[in-house]
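# Examination of the molecular architecture
Chain by chain, the residues:
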Amino acid sequence: MILSWQFILMIVISSLFLAWFLYRPVKSNLSDDDSNIAINKQRQAELEIDFNQGHIESAQYQEAESEIISTLASELKSSPAKNITIEPLKWITLIVLSIGILSLLVYSQLAPKIIPNSDAALTEPLSMSESIQKLQDYLIENPNDFQALKMLGLAQVGTGNIDSSIESFERAFEVNPNDIDLLLQFASAIAANQNGMFYGKSQTLIEKALSLDPQSIQVLYFAGIVSAHQSDLDGAIGYWQKALYLMPDSHPDRNIIEEALSTVLNLQVK
Amino acid sequence: MLIEIGHFSLVLALIFSVLLMILPSIGLYQNKSALAQLTKPLVWAQGFWIAVSFIILMNAFLANDFSVKYVADNSNTQLPILFKASAVWGAHEGSLLLWVFVLSVWTIAVSIFSKRIPSNLLNLILIVLGAISFGFLLFLLFTSNPFERILIPPLEGRELNPLLQDFGLAVHPPMLYMGYVGLAVPFAFVIAALIRGKLDSSWLRWTRPWALISWAFLTVGITLGSWWAYYELGWGGWWFWDPVENASFMPWLVATALVHSLSVSEKRGAFRQWTVLLAIGGFSLSLLGAFLVRSGVLTSVHAFATDPTRGLFILLFLFIVIGGSLILFTWRSHLLQKSNQFALLSRETGLLINNILLITALFTVLLGTLYPLILDTLNLGKISVGAPYFNAVFVPIMIPGVLALAIFPFVRWKKDSVSRLTSLLRLNWIGIALLILLARVVMTDNIYVLIAIGLFIWVAFHVIILVSKRIRTKSKFSFAFLGMIIAHLGIAVFTLGATVTTQLGIEKDIKMDVGESQNIAGYDFVFNGVKPHTKDNYSGFIGDISVYSDAKQIAQLKPEKRYYQSGMPMTEASIDPSLTRDLYVALGESLEGDAWSVRIYYKPLVRWIWLGGLMIALGAFFAAIDRRYFVRAKS
């Protein structure tokens, strides 16, 4: 994938461009002395105008003029060095090799291993089963791609294949055990196999997520559910009240937590 | 594949920046002019590939290519086309690409418009700019890749931050970046001159126009940001001393000092060491600003990108730039010892006072910005430093600065006498005193407003005298002179606008029922009710308020309350603008029945704030195109 004809073309265009300028260099040979003489001449002309228009007095004019002369004298000491000619072909070869090798080397470190078909994304979306198949094919080549494993688990949950999704999440968990989103999805998949109850491993996963990010609204929501399932109503109320406190008023999930909280509060009253 | 081409273009740009650092350096060191003169083609090629990647990213936004993570995170199909284009710089990765793109634009501009600069100096300047590009391209490619793909693209993207869905925000960041990044040019001039060990007239002459242009862009960027905050945030304020605002204001203060210091160095050969330090300081503060915003150490309305890895990279870059520059400065400082003498009363002294005041103001802002961070880092508690601190310490420092800017253009270079100056201006001072007294009698007794009116009259009167003196002596009106008077008048206009609107503005946060009327500053605001409203990618409510003056309707204001997909509520103020006052209305919350809470502001002279800012920028542009920057040298 890394070596495509477009990239080769880009490297060739770049190399030809530089080669052209090695054979026909941009002409600019203004020396420091030429520039300093021109600037100080102009400063002297400005000084004379100021003097003639009465902005400065004679003594100041003399002093300023001698300053300009001494400044220029101190600056005029460069002697142009002799130019050494080069062999353009040798340098062009070096440049072409540098551009080609370095660019492909850097790109190989940065490029994605698989490029999604963006054209397809713009026209027709893949069906869920096609997505799962594509992910499974990709994972044969890249068995430790965390994002792909997590995505596969999510897609399998979407098709109701909970057992497979737990396997996928388990593999993703082995690659990265500290991803909050994975911990919540993984716990939810296990709970789905336990009639929606969070205990055992699903509870451990939520507790781990809570220890990693005690301020996350989603984590607090799930921690509340775990507490409620363990009949720790005060704990559940505490987590949900904290989640509501952290949530902006306009948050779309606010109603869900408010509803859960009122249910638990009612239970507590009863 | 287009996205991969964009990504690969950035990689090629990185390689070109490496070649730009190496090949011409070999050419300069070994006197191989064919290699040394590769700087320009290398700069053009690097700029071309950066432009290609920028265009490809913009195309991805316009084509709703949600296979690109950055596009999926910051745009959706419902977003209006203007905001799809501006969403390119709506979050971290894209704004960094914009930064790199702007840097390449500046570098190309230097390569094209610097025919009068000695070729060896120019080559070295372009090499230094290439090194800066290299740092930012590394940062972009290795920590903030805008071309990252999503394995399974979503059908619909997320929401661009609603605060950024606004014309002001579409143009504010590019302008600000032109200023921020533009400060890299005077920095590159200084570093190139230090490396060569030739801090001569050429270097001083050619640094100034670039410093002026970047300062002008920075001024426009800050002014646009202030204007946007005023009408978009719904609070009616124009400056909040937000840490990120301060991050852009600090380089502005240094750049202001730099353009003044450069004028002394250029004209009189004085302050050379100081000028070098200011050029280094200006760019370093730009990088510090980038660090504060990108690292996540600050939390503000601007902190849309927070990542410790990115912060660490910029911090490292900052250390290399500041540390390397200061080491170079120490090594070459003996070349900067020579300075022409000047008397206590001279224009040089005036510009020195200007510099001292600006740098003192800079340190007060820096202290107020960093102090809460330092306390937090040392676990000494969380504090917030806000407007009361900044107003108390910043304003008193700037008042003598405004007084001085009117007087010192009359003072001669090198040496002047108090008697000449007073005999020239004393009658005018009597006139100014009488005008201030008149303002006290007929306008206001608010002491702050009187001080501002006094400063305005002081500056405006002196500008008139300066112009009339030039006309009398039949002197030429150079662009440099015109630029100076426009910018100084801009300071006076800004000072008056800021003080009057702060001191005499009226703010009311009230409950209004349908048909109810409120009188504020002589205007009757009649609340006609609120209707549901849906447009493009949001829905919400639109209010209807009629404004009457002397029983005659003068405006119909339609403030909005918008709810975007993310559920984030946005207040869109409705403003009846004029040069003398703004009538500003924002919808609050729906209350019982048909009543709503409404914020009504009367803002006298508020437009003068931005008018002043634009005048300062215009003055800088004028000064940058002065005739003496087009002097032709023959080889």
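Quick caveat: nothing in here was measured; it's all calculated off a predicted structure.

## Considering the overall build of chain A
When its secondary structure is counted, chain A shows 13 helices and zero strands. Across chain A, helices and strands are ordered from the amino to the carboxyl terminus as α-α-α-α-α-α-α-α-α-α-α-α-α. Counting every position in chain A, which comprises 270 residues, the buried fraction comes to 41%. A separation threshold of at least 6 residues defines the contact pool for chain A, and within that pool the share at least 24 residues apart is 50%. As presented, chain A carries roughly 15300 Å² of accessible surface, and 57% of it is formed by carbon and sulfur atoms.

## Description of the overall build of chain B
Across its full length, chain B carries 19 helices and 10 strands. Classification of the 635 residues of chain B by burial places 62% in the buried group. A separation threshold of at least 6 residues defines the contact pool for chain B, and within that pool the share at least 24 residues apart is 72%. Element-wise, carbon and sulfur atoms account for 67% of the exposed surface of chain B, whose accessible area totals about 24400 Å².

## Overview of the pattern of salt bridges
A full pass over the atoms with the stated rule returns 15 salt bridges over all chains. Residues joined by salt bridges that share partners form a network here, namely Lys150(A), Asp179(A) and Asp181(A).

## Some remarks on the packing of aromatic side chains
The geometry of an aromatic ring pair is captured by the separation of the ring centres together with the interplanar angle, meaning the angle of the planes. Considering all chains together, one arrives at 45 aromatic pairs over all chains under this definition. Pairing Phe51(A) with Tyr61(A) gives two aromatic rings, centres 4.6 Å apart and planes at 15 degrees, and the pair type is stacked. Of this pair, Phe51(A) sits in helix H2 (residues 32–52) while Tyr61(A) sits in helix H3 (residues 58–75), and the two are 10 residues apart along the sequence. Classification of Phe51(A) as partly exposed rests on a relative accessible area of 31%. Accessibility expressed as a relative area gives 11% for Tyr61(A), which makes it buried. What links up through ring pairs into an aromatic cluster is the set Trp215(B), Trp239(B), Trp241(B), Phe249(B), Trp252(B), Tyr389(B), Phe390(B) and Phe394(B). Here the basic side chain of Lys603(B) rests over the ring of Tyr601(B), its NZ or CZ set 5.3 Å away from the ring centre.

## Focus on the interface of chain B and chain A
How big an interface is tends to be stated in terms of the accessible area lost upon association of its parts. In this assembly, 78 residues from chain B lie in contact with 70 residues from chain A. Contact with chain A buries surface across chain B, with Phe8(B), Leu151(B) and Arg412(B) losing the most and accounting together for 11% of the total. Our count for the chain B to chain A interface comes out at zero salt bridges. The interface formed by chain B and chain A holds two residue pairs in polar contact (both at pLDDT 80 or more) in total. Put simply, the parts of the chain that give the side of chain B that touches chain A at least two residues each are helix H1 (2–29), helix H2 (33–36), helix H3 (39–62), helix H7 (119–143), helix H10 (201–232) and helix H11 (243–268) of chain B. No other element matches the 13 residues that H1(B) contributes to the side of chain B that touches chain A.

## Observations concerning empty space enclosed by the protein
Evaluation of the coordinates by the stated rule reveals four cavities of 30 Å³ or more. The volume enclosed by the largest cavity comes to roughly 280 Å³. Looking at the largest cavity, it is lined by 18 residues, and the ones nearest its centre are Leu47(A), Ala64(A), Lys267(B), Arg268(B) and Trp413(B). Those elements giving two or more residues to the lining of the largest cavity turn out to be H2 and H3 of chain A together with H11 of chain B. Broken down by element, the lining of the largest cavity gets its largest block of residues, five residues, from H3(A).

## Observations regarding the sheet that holds strand E10 (residues 596–604) of chain B
Residue and element names in this part refer to chain B. Strand order in the open sheet made by the four strands is E1-E10-E9-E8, with antiparallel pairing throughout. Here the strands that pair on one side only, and so sit at the sheet edges, are strand E1 (506–512) and strand E8 (574–576). Within the sheet, the average angular offset between the axes of one strand and its neighbour, ignoring direction, is 20 degrees. As judged from the three bridges shared by E8 and strand E9 (residues 581–590), these two strands associate in the antiparallel manner. The partner of Ser574 across the bridge, within E9, is Val585. Here helix H18 (residues 479–504) sits on the sheet in contact with E1 and E10, set at roughly 140 degrees to E10.

## What to know about the side chain of Lys150(A)
Inspection of the secondary structure assignment puts Lys150(A) in helix H7 (residues 146–158). Excluding its chain neighbours within four sequence positions, the residues that come into contact with Lys150(A) are Phe169(A), Ala172(A), Asp179(A), Asp181(A) and Leu182(A).

## Description of unusual backbone geometry
Excluding glycine, most residues fall at negative phi; most peptide bonds, likewise, are trans. Although it is not a glycine, Ser231(A) adopts a positive phi angle of roughly 65 degrees. Judged by its relative accessible area of 61%, Ser231(A) is exposed. Located in the positive-phi region is Leu605(B), a residue other than glycine, with phi close to 55 degrees. If you trace the backbone, Leu605(B) turns up in the loop between E10 and helix H19 (607–624).

Rules of the game
Residues numbered from 1 in each chain as written. Chains lettered and ligands numbered in written order. Predicted model: local features only at pLDDT ≥ 70, side-chain atom pairs only at ≥ 80, totals over all residues. Heavy atoms only, no water. Helix = DSSP H or I, 4+ residues; strand = E, 2+ residues; numbered from the N terminus. Buried < 20%, exposed > 50% of the residue type's maximum accessible area, 1.4 Å probe, protein only. Contact = heavy atoms within 4.5 Å. Areas by Shrake-Rupley, 256 points an atom, 1.4 Å probe, with all protein chains shown as cover. Salt bridge = Lys/Arg side-chain N within 4 Å of Asp/Glu carboxyl O. Phe/Tyr/Trp six-rings, centres within 6.5 Å; stacked < 30°, edge-to-face > 60°. Lys NZ or Arg CZ within 6 Å of the ring centre and 35° of its normal. Buried area = accessible area lost by both parts, 1.4 Å probe. Polar contact = N/O pair within 3.5 Å; in protein donor to acceptor, adjacent residues only side chain to side chain. 1 Å grid on protein atoms, 1.4 Å probe; cavity = no way out; pocket = protein on both sides within 12 Å on 5 of 7 lines; lining within 4 Å. Points joined across faces, edges and corners; volume = space filled by probe spheres on them. Pairing = 2+ DSSP bridges. Axes fitted to C-alpha atoms, helices over the stretch in contact; angles between N-to-C directions.

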